[in-house]
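Here is how the chains run, residue by residue.
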Amino acid sequence: MEDQNLIKYKPHLVSALAPYNIADHKIDYIINHVSYKEIKKGNYFSTVNNVCKYIGLIIEGNFRSYTLGANGVEKTHKFYYQPVNKVITSYDSYYKGINSYENIQALSDSKLFVISSIDMHIVLDELPELDRIVRDILAAELHRVNGVNQDREKYGNEEWLINLHNTAPYLFKKPFRTHLPTFSPMSRALCFELCSKLKI
């Protein structure tokens, strides 16, 4: 039986996908691969030292990502909320299947759509036009690590790639890898050639 919450909150997903001009039947296909999730205030979307299994689209509520320093002091890195930072995940963990370095905690009772990495790849294979969404997420992530991105002109090509890989290695994995050259200061062919040479 179809989750009634998916039907109830479908307009939120339709609104989020509106800039991409996706046909209604394709949105229905996407909905078949997402789940509805509620997270109470103080509970976690993902936790440090565990694999983050989902990427989420916030319907209601807000979250923060944070790490704990050696002295036990919390350091907040990012806030997630509607309508600006509404896509939520621990990117490195989600796309590489490795343990997360951060906690993502609900700051209020929250509702969201979530999709697993396996289902994400299924959807992208079936609907390649959704690569535009991946590209937009990549742009946002490059902005988040803008210390590397802004300084790229003063680096040589290899050093820029190495610095970016050390900062955000998940950007070199599918599905981001396909779009990375469009944000790099070099041609697609050279970008992939250097990635192969550097084994990244």
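On to the layout of surface pockets, then. As a volume, the largest pocket reaches approximately 660 Å³. Looking at the largest pocket, it is lined by 30 residues, and the ones nearest its centre are L17, L57, V87, I133 and I137. Taken together, the elements giving at least two residues each to the lining of the largest pocket come down to α2 (10–17), β3 (54–60), β8 (110–116), α5 (117–126) and α6 (131–144). Per-element accounting of the lining of the largest pocket gives the leading share, six residues, to α6. Of the residues belonging to the lining of the largest pocket, the class tally is 23 nonpolar, three polar and four charged.

A word on the sheet that holds β3. Paired through their backbone hydrogen bonds, the strands of a sheet run either parallel or antiparallel. Here we have four strands laid out as an open sheet, ordered β1-β8-β3-β6, and antiparallel in their pairing. The two strands at the open ends of the sheet, each matched to only one other strand, are β1 (35–39) and β6 (87–88). Pairing between β1 and β8: five bridges, direction antiparallel. When the sheet's bridge partners are listed, I39 is paired in β8 with S110. Of the strands in this sheet, β3 and β8 are in contact with α2, which crosses β3 at around 110°. Running at roughly 65° to β8, α5 makes contact with β3 and β8 of the sheet.

Ranked by internal contacts, the top residues of the largest apolar core, which has 44 residues, are I30, F113, L161, L171, F172 and F176. Among all residues touching L161, those that are not within four sequence positions of it are F172, M186, C191, L194, C195, L198 and I200. If you look at the next biggest cluster of nonpolar residues, it comprises 11 residues, including I58, I104, A106 and L112.

So, about helix α3 (residues 24–31). Those residues of α3 that fall on the buried side of the exposure criterion are I27, I30 and I31. Buried residues of α3 fall within an arc of 100° about the axis and therefore sit on the same side. Packed against the buried residues of α3 are α1 (4–8), α2 and α5.

On to the environment of F45, then. Looking at where F45 falls in the secondary structure, it is placed in strand β2 (residues 44–46). Considering only alpha carbons, one finds F45 and I55, 10 residues apart in sequence, at a separation of 9.5 Å. With residues near it in sequence (within four places) discarded, F45 still touches I39, C52, Y54, I55, G56, F63, I88, T89, I104, L112 and V114.

As a further point, take unusual backbone geometry. At N49, a position not held by glycine, the phi torsion is positive, near 70°. When you line up the elements, N49 lands in the loop between β2 and β3. In this structure, K199 takes a positive phi of about 60° despite not being glycine. Inspection of the secondary structure assignment puts K199 in the segment after α9 (188–198). By relative accessible area, which is 74% here, K199 ends up exposed.

What counts, and at which threshold
Residues numbered from 1 in each chain as written. Predicted model: local features only at pLDDT ≥ 70, side-chain atom pairs only at ≥ 80, totals over all residues. Heavy atoms only, no water. 1 Å grid on protein atoms, 1.4 Å probe; cavity = no way out; pocket = protein on both sides within 12 Å on 5 of 7 lines; lining within 4 Å. Points joined across faces, edges and corners; volume = space filled by probe spheres on them. Helix = DSSP H or I, 4+ residues; strand = E, 2+ residues; numbered from the N terminus. Nonpolar A, V, L, I, M, F, W, Y, C, P; charged D, E, K, R; others polar. Pairing = 2+ DSSP bridges. Contact = heavy atoms within 4.5 Å. Axes fitted to C-alpha atoms, helices over the stretch in contact; angles between N-to-C directions. Core = buried A, V, L, I, M, F, W, Y, C linked by side-chain atoms within 4.5 Å. Buried < 20%, exposed > 50% of the residue type's maximum accessible area, 1.4 Å probe, protein only. Arc of directions from axis to C-beta.

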